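Each chain is listed here by its residues.
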Amino acid sequence: VPNALARAIDLVENGDLSGGTLAFEEAAELHPQDVRTWLGLAAVRHRRGEDPMAVDAFARAASIYVNQDQGLKAIAVYKQATRIAPMRDDLALELATQYRNHGLATEAVEQLLSAVSARASRGESLDCLSVIQTTLELDNDNLGDRVRLAESFSARGRIAEAMEVFREVI
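Computed from a prediction, not measured in an experiment: that's the story for all the values here.

A. Quick peek at the nonpolar core. One finds F24, W38, L41, V77, Y78 and L91 to be the most contacted residues of the largest nonpolar core, which totals 29 residues. Contributing elements (two or more residues each) for this core: helix 1 (3-13), helix 2 (17-30), helix 3 (35-47), helix 4 (51-67), helix 5 (71-84) and helix 6 (89-101). Ranked by residues supplied to this core, first place goes to helix 4 with eight residues. With near-sequence residues (within four places) excluded, F24 lies in contact with L5, A8, I9, V12, T37, G40, L41 and V44. In terms of nonpolar packing, the next biggest core, distinct from the first, is built from 11 residues, L112, F153, A162 and V165 among them.

Put into structure tokens, the structure is as follows:
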């Protein structure tokens, strides 16, 4: 364990969350690819109620796992992040990608739909179209998603495409 990380852990274990946060930040600067540092920083920030920064640290740790071809560990970390920030569609999309890479289509679809909901709640319906199409690639028989796709085409004035999808549903 790098000295900076050991010092951060020691501070947190002794109840000094502020000092621990600073020490984790220092450790992250010194060892930016050390996933343990980012996980520790995320945990202490979450304990301090700094959830947006905690989620960012979790996302950084997950991306390190992805880069190390440790997708299952990335899934676990992305799940932690999405529990804290369920409206972060970027995290839901990353989690969906990891699920898809591991052959977990049902879980991938669930995360894609979560991303659609998050984007729609912010009025970003244009991006929803590509997410719905990806969902259908994973679950081609999902009639609800097919109807959503047709409605999205229709809302954008793409009537011929909407009619084609409605025909497929029928």
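Having seen the structure, we can now continue with the description.
B. Seen up close, helix 7 (residues 105-121). Between the first and last C-alpha of helix 7 there are 24 Å, a value that for 17 residues agrees with the 24 Å anticipated at 1.5 Å per step. Every buried residue of helix 7 is listed here: A108, V109, Q111, L112, A115, V116, A118 and R119. At the C-terminal side of helix 7, G123 shows a positive phi close to 75°.

Criteria and cut-off values
- Residues numbered from 1 in each chain as written.
- Predicted model: local features only at pLDDT ≥ 70, side-chain atom pairs only at ≥ 80, totals over all residues.
- Heavy atoms only, no water.
- Core = buried A, V, L, I, M, F, W, Y, C linked by side-chain atoms within 4.5 Å.
- Buried < 20%, exposed > 50% of the residue type's maximum accessible area, 1.4 Å probe, protein only.
- Helix = DSSP H or I, 4+ residues; strand = E, 2+ residues; numbered from the N terminus.
- Contact = heavy atoms within 4.5 Å.
- Expected span 1.5 Å × (residues − 1).

Coordinates in, geometry out; function isn't part of it.
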